[in-house]
Amino acid sequence: MSDDQIHWFSIVNSLMIVLFLSGMVAMIMLRTLYRDISKYNELETQEEAQEETGWKLVHGDVFRPPSSSDLLCVYVGTGVQFLGMIVVTMIFALLGFLSPSNRGGLMTAMLLLWVFMGLFGGYSSARLYKMFKGTEWKRIALRTSLLFPAVAFAIFFVLNALIWGEKSSGAVPFGTMFALVFLWFGISVPLVFVGSYVGFKKPAIEDPVKTNKIPRQIPEQAWYMNPSFSVLIGGILPFGAVFIELFFILTSIWLNQFYYIFGFLFLVFIILLITCAEITIVLCYFQLCSEDYLWWWRSYLTSGSSAFYLFIYATFYFFTKLEITKFVSGVLYFGYMLIVSYAFFVVTGTIGFYACFWFTRLIYSSVKID
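Bear in mind that the values here come from a model prediction, so they are computed numbers and not experimental data.

Draft legend 1. Representation of the overall build of the protein in the model. Summing up its helical and strand segments, the protein has 13 helices and 0 strands in all. In sequence order, the secondary structure elements of the protein are arranged as α-α-α-α-α-α-α-α-α-α-α-α-α. For 370 residues, the compact-globule estimate of 2.2 N^0.38 gives 21 Å, and the protein sits close to it at 22 Å. Overall, the protein is about 75 × 50 × 40 Å in size when its C-alpha atoms are taken along their principal axes. The buried share among the 370 residues of the protein stands at 48%. Within the protein, contacts between residues separated by at least 24 positions form 85% of all contacts whose residues are at least 6 apart in sequence. Averaging the positions of the 23 positive and the 22 negative side-chain charges in the protein gives two centres separated by 12 Å.

Next up, the structure:
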C-alpha cells in the first residue's frame, strides 16, 4: 500500500476548499436573511439596497415549474437511489463487512443495494413530480426505473460483446447477464413503483410563496452569469475536492492495486457532499440576485458538471499512466469511465439540487411579501 501522508494532504487541501465555501455561505445567509428580513436601516445607500433586493423581486417566479420538469424529477430520483447505495456501501465497507480483496463482493453488494434503493428513488421523484402539479405518477415511475439502468446496461452490453469477440475469459457469461436483467425488472422496477405510489399519495410540498400567473422577464445577464459559464465553474471545486482520492481509486481499478482505505474515502465523500451543496447555493444566490429565476436545472447542472472534469481527468490518466495499446482495451476503459462519470453526474447533481431547493425555500419562507 502507498503512503498515508498523501491522503492526509489531500483531505487538508479539500477541507480548505470547504472552509472557504462555508464562509461564503455563512456570509450570504447572514447578509440576506438577517439584513434583508429585518427592515433596512435608513442609513444604507440606495445602491446597496438595490443590489440586495434582487432576489426578492423574483419571488413570484422562483417556484414556477421548470421546462421538462418530468426529466428533472427522474434525474433527482435516480440520484437519491445512488446516494442511498453509496452511503450504505460505505458504511458496510467501513465496518469491515466488505473486503476490497474480494472484488466481486463489493460490486455485488453495490448492485443489490442499488436495486433495493429503488424505493427511495421512486419516492423522491414522485414527491417532486407532485409538487410540479404532475398527475401521471406511473409514467414518472417507469422513467425513473429505466433511465439510468438502460444507458448503463446498453454501454455494458456493447463492451461485453466486444470482449466476447476477443474470446476473452473476462466476458460476463450469459447467465449473469440474465440475472442482472432479472434484478432490474423483477425487483428494481416494482420497488420504484411502490416508492412512487407512496410518494404520490403524500400531500404535495407547499411553496412558501405564491407563483404569479405571468412569467417575469429576465433582464440581460452579465457574461459571467451566463448559464454555461457558471455551470462549468461550479464543477471545478467538487472535482478538486475528490481529485487526489480519485487517482488512487483509478489505480486500484485499472492497475490491480488494492484499495483498503475506506475511512479516507468516507471523509472525502462527506467533503464532496458539502462542497457540492455549498458551491451550488453560492451560485444560486448570485443568480437570484441578478433576477434570473431559472434555478431548477441550473442547480442540478452546476454541481453535476464535475462529472465532465472527471471524464477529462480519466482521459488524461489513460494517456499518462496506462500503457494500453489494443483498441478493445481502450474502448473498455472509456466505456466504463463513461458509466462512472454519468453516475457521478447524477449523484453530484442531486446533491446540488436538494441544497438549492432547501436554500430557496428557506430564504423565501422568511420574507414577508405584501
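Draft legend 2. Summary view of the packing of helix α12 (residues 306-320) against helix α13 (residues 327-365). With their axes 8 Å apart at the nearest point, α12 and α13 run at an angle of 155° to one another. Here α13 runs roughly antiparallel to α12, going by the angle between their axes. For the pair α12 and α13, the sense of crossing is right-handed. For the pair α12 and α13, contact is made by Ser306, Ala307, Leu310, Phe311, Ala314, Thr315, Tyr317 and Phe318 and by Gly330, Tyr333, Phe334, Met337, Leu338, Val340, Ser341, Phe344, Phe345 and Thr348, respectively. Residues belonging to the contact of α12 with α13 are distributed by class as follows: 13 nonpolar, 5 polar and no charged.

Draft legend 3. Quick look at empty space enclosed by the protein. Following the criterion strictly, the structure yields 1 cavity of 30 Å³ or more and no others. Taken as a whole, the largest cavity spans an internal volume of roughly 40 Å³. In terms of lining residues, the largest cavity is bounded by Ser230, Thr280, Leu283, Cys284, Gln287, Arg298, Ser299, Thr302 and Cys356. Among the secondary structure elements, those contributing two or more residues to the lining of the largest cavity are α10 (262-289) and α11 (296-304). When its residues are assigned to classes, the lining of the largest cavity shows 3 nonpolar, 5 polar and 1 charged.

Draft legend 4. Local environment of the packing of helix α9 (residues 227-254) against α11. Running from N to C, α9 and α11 point in directions that differ by 40°, and their axes come no closer than 6 Å. Classed by the angle they form, the pair α9 and α11 counts as oblique. Here Pro227, Ser230, Val231, Gly234 and Gly235 of α9 come into contact with α11, specifically with Arg298, Leu301 and Thr302. By residue class, the composition of the contact of α9 with α11 is 3 nonpolar, 4 polar and 1 charged.

Draft legend 5. Spatial organisation of the nonpolar core. Formed by 97 residues in total, the largest nonpolar core has its most connected members in Leu288, Trp295, Trp296 and Tyr364. Broken down by element, this core gets its largest block of residues, 18 residues, from α13. Ignoring any residue separated from it by four or fewer positions in sequence, one finds Trp295 in contact with Val62, Phe63, Cys284, Gln287, Leu288, Cys356, Phe357 and Thr360.

Draft legend 6. Structural context of α11. A large share of α11 lies buried, amounting to 8 of its 9 residues. Looking at the buried side of α11, the elements it contacts are α4 (69-94), α6 (118-131), α9, α10, α12 and α13.

Draft legend 7. Just the side chain of Ser252, in detail. By secondary structure assignment, the location of Ser252 is in helix α9. Separated by 2.9 Å, the side chain of Ser252 and the backbone oxygen of Ile249 make a polar contact.

Draft legend 8. Up close: the environment of Leu72. Secondary-structure assignment places Leu72 in helix α4. Overall, Leu72 belongs to the buried group, its relative accessible area being 0%. For the pair formed by Leu72 and Ser303, sequence separation is 231 residues and the distance between their alpha carbons is 14 Å. Once residues lying within four places of it in the same chain are set aside, the contact partners of Leu72 are Pro66, Phe132, Trp296, Trp297, Tyr300 and Phe353.

Each value, and the rule that gives it
Residues numbered from 1 in each chain as written. Predicted model: local features only at pLDDT ≥ 70, side-chain atom pairs only at ≥ 80, totals over all residues. Heavy atoms only, no water. Helix = DSSP H or I, 4+ residues; strand = E, 2+ residues; numbered from the N terminus. Rg over C-alpha atoms; globule rule 2.2 N^0.38 Å. Buried < 20%, exposed > 50% of the residue type's maximum accessible area, 1.4 Å probe, protein only. Contact = heavy atoms within 4.5 Å. Lys, Arg positive; Asp, Glu negative; His and termini not counted. Charge placed at Lys NZ, Arg CZ, Asp CG, Glu CD. Axes fitted to C-alpha atoms, helices over the stretch in contact; angles between N-to-C directions. Parallel < 35°, antiparallel > 145°, perpendicular 65-115°, else oblique. Left-handed = near helix turned anticlockwise from the far one by under 90°. Nonpolar A, V, L, I, M, F, W, Y, C, P; charged D, E, K, R; others polar. 1 Å grid on protein atoms, 1.4 Å probe; cavity = no way out; pocket = protein on both sides within 12 Å on 5 of 7 lines; lining within 4 Å. Points joined across faces, edges and corners; volume = space filled by probe spheres on them. Core = buried A, V, L, I, M, F, W, Y, C linked by side-chain atoms within 4.5 Å. Polar contact = N/O pair within 3.5 Å; in protein donor to acceptor, adjacent residues only side chain to side chain.

In short, the description is geometric, and any link to function would need to be established separately.
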